[in-house]
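Remarks on the overall topology
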Amino acid sequence: MKKHIIIPTIILFLFLLTACSYNDGRYGVFLSVEGELDRFSGYETVVIDAQYFDKENIEDFKAKGHRVFTYINVGSVENFRDYYSEYEDLTLDVYEHWEDERWVDVSESRWQDFILEELAPALLTKGIDGFFVDNCDVYYHYPTEEMLEGLSAIMKGLRATGKEVIANGGNDFVEAYTEKYGDPGDVITGINQESVFSAIDWEDGKFKTATAEDRSYFTEYIEKYAARGVDIYLLEYTTDTLLIMRIKSYCKKHGFNCYISGSLELS
């Protein structure tokens, strides 16, 4: 009788401990929000889409000891952005699973100039600490020399601002650049890798566990660049208590930051 009471109690304790602390407060990614930043006061570093926040809000939040990174999409463009129509002629295929978004030809100088001379400077006026760069994976889908050079030019330009630059994914680009030029620090200061331990079943819209093969590949990848001085962040999607514990343990062991979301909207 006693045995049957103890086991559920331990499991319940672990569940509550984990459920109440999915994240350690060091890092949070909130891309589908706007309004006041004070709601994220429990996080040291937050990633937001600064286009939807004003400078005063960001600077006030930073004055309280927080760091703020802004989302910037360099490899694709969403049709709800106010500049979409101006660059629609540079778009390529529809982004799978995100029907309002299309890949963009980063080899085009018009797009590079827009990112580096208009979009990034506008975000910098908000007082952000760095860029959270999405869709460097455009190189995975279009692995040409022209795309590599175009994306490299954009990333080098962002680095030239003196701000931190975190690549969200983009492992094929990072590997190709490093193999060709040697120093990943030319184009990034950090890597945010999504779904190292977790995975998304797009057909059912449910979360699942990553395959051993994918987990092995990505842990080897991020540990390789961590050894070269690149800051590592994990962004996982799961509500599985045991998987959450495993992710947190791994990140604590390696000194990585992680944010574990129960929502794809990152709200």
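Residues numbered from 1 in each chain as written. Predicted model: local features only at pLDDT ≥ 70, side-chain atom pairs only at ≥ 80, totals over all residues. Heavy atoms only, no water.

**What to know about the overall build of the chain**
Secondary structure summary: the chain contains nine helices and 13 strands in total. Relative to the globule expectation of 18 Å for 267 residues, the C-alpha radius of gyration of the chain, 19 Å, shows essentially globular dimensions. When its C-alpha atoms are laid out on the principal axes, the chain stretches across 70 × 45 × 35 Å. For the chain, buried positions account for 48% of its 267 residues. Taking the contacts inside the chain whose residues are at least 6 apart along the sequence as the reference set, 64% of them involve residues at least 24 apart. Total accessible area computed for the chain in this model is approximately 13,100 Å², and 51% of it derives from carbon and sulfur atoms. For the chain, the distance from the average site of its 25 positive side-chain charges to the average site of its 49 negative ones is 10 Å. (Helix = DSSP H or I, 4+ residues; strand = E, 2+ residues; numbered from the N terminus. Rg over C-alpha atoms; globule rule 2.2 N^0.38 Å. Buried < 20%, exposed > 50% of the residue type's maximum accessible area, 1.4 Å probe, protein only. Contact = heavy atoms within 4.5 Å. Areas by Shrake-Rupley, 256 points an atom, 1.4 Å probe, with all protein chains shown as cover. Lys, Arg positive; Asp, Glu negative; His and termini not counted. Charge placed at Lys NZ, Arg CZ, Asp CG, Glu CD.)

**A word on the packing of helix 4 (residues 109–124) against helix 6 (residues 145–159)**
Remark: helix 4 packs on helix 6, axes separated minimally by 9 Å, with the N-to-C direction vectors making an angle of 15°. Here helix 4 is positioned roughly parallel relative to helix 6, judged by the angle of their axes. In this structure, the crossing between helix 4 and helix 6 has a hand that is right-handed. The segment helix 4 lies against helix 6, with W111, Q112, I115, L116 and A120 engaging G150, A153, I154, G157 and L158. For the contact of helix 4 with helix 6, the per-class residue count stands at seven nonpolar, three polar and no charged. (Axes fitted to C-alpha atoms, helices over the stretch in contact; angles between N-to-C directions. Parallel < 35°, antiparallel > 145°, perpendicular 65-115°, else oblique. Left-handed = near helix turned anticlockwise from the far one by under 90°. Nonpolar A, V, L, I, M, F, W, Y, C, P; charged D, E, K, R; others polar.)

**Considerations on the packing of helix 7 (residues 171–181) against helix 8 (residues 212–226)**
Axis separation between helix 7 and helix 8 bottoms out at 12 Å; the angle between their running directions is 45°. If you check the angle between helix 7 and helix 8, you find them oblique. The interaxial crossing formed by helix 7 with helix 8 has left-handed handedness. Taking contact as the criterion, the partners of N171, V174, E175 and T178 in helix 7 are, on helix 8, Y217, F218, Y221, K224 and Y225. Split into classes, the residues belonging to the contact of helix 7 with helix 8 amount to five nonpolar, two polar and two charged.

**Examining the confidence of the model for the chain**
Where the model shows low pLDDT, its predicted coordinates should not be examined in detail. Looking at the chain, pLDDT values average 90 and 91% of them are 70 or higher. Of the regions scoring below 50 in pLDDT, residues 1–21 engages in seven contacts with residues more than four places distant in sequence or in other chains. (pLDDT = per-residue confidence, 0-100.)

**Describing the pairing of strand 10 (residues 198–201)**
Two elements, strand 10 and strand 11 (residues 206–209), share four bridges in a ladder whose sense is antiparallel. Counted as the bridge partner of D201 is K206 from strand 11. Connecting strand 10 to the next strand, strand 11, in antiparallel fashion are four residues, including G205 with a positive phi near 70°. (Pairing = 2+ DSSP bridges.)

**Notes on a negative patch on the surface**
The grouping of E36, D54, E56 and E59 at the surface amounts to a negative patch. With a relative accessible area of 56%, E56 lands in the exposed category. (Patch = residues over 30% accessible without salt bridge, like charges linked within 9 Å, V, L, I, M, F, W, Y side chains within 5 Å. Salt bridge = Lys/Arg side-chain N within 4 Å of Asp/Glu carboxyl O.)

**As for the nonpolar core**
In this structure, I72, W111, M155, L158, F173 and L234 are the most contacted members of the largest nonpolar core, which totals 81 residues. Not counting the four nearest positions on each side in its chain, F173 is found in contact with C136, Y139, L148, L151, S152, M155 and V187. (Core = buried A, V, L, I, M, F, W, Y, C linked by side-chain atoms within 4.5 Å.)

**Overview of the side chain of N192**
Residue position: N192 is located in strand 9 (residues 190–194). Assessed through its relative accessible area of 0%, N192 is described here as buried. Reaching out from N192, the side chain makes a polar contact with the side chain of Y27 at a distance of 2.7 Å. Here the side chain of N192 touches N168 through a polar contact of 2.7 Å, side chain to side chain. If we ignore the near neighbours within four places in the chain, the residues touching N192 are Y27, F132, I166, A167, N168, G169, Y233, L234 and L235. (Polar contact = N/O pair within 3.5 Å; in protein donor to acceptor, adjacent residues only side chain to side chain.)

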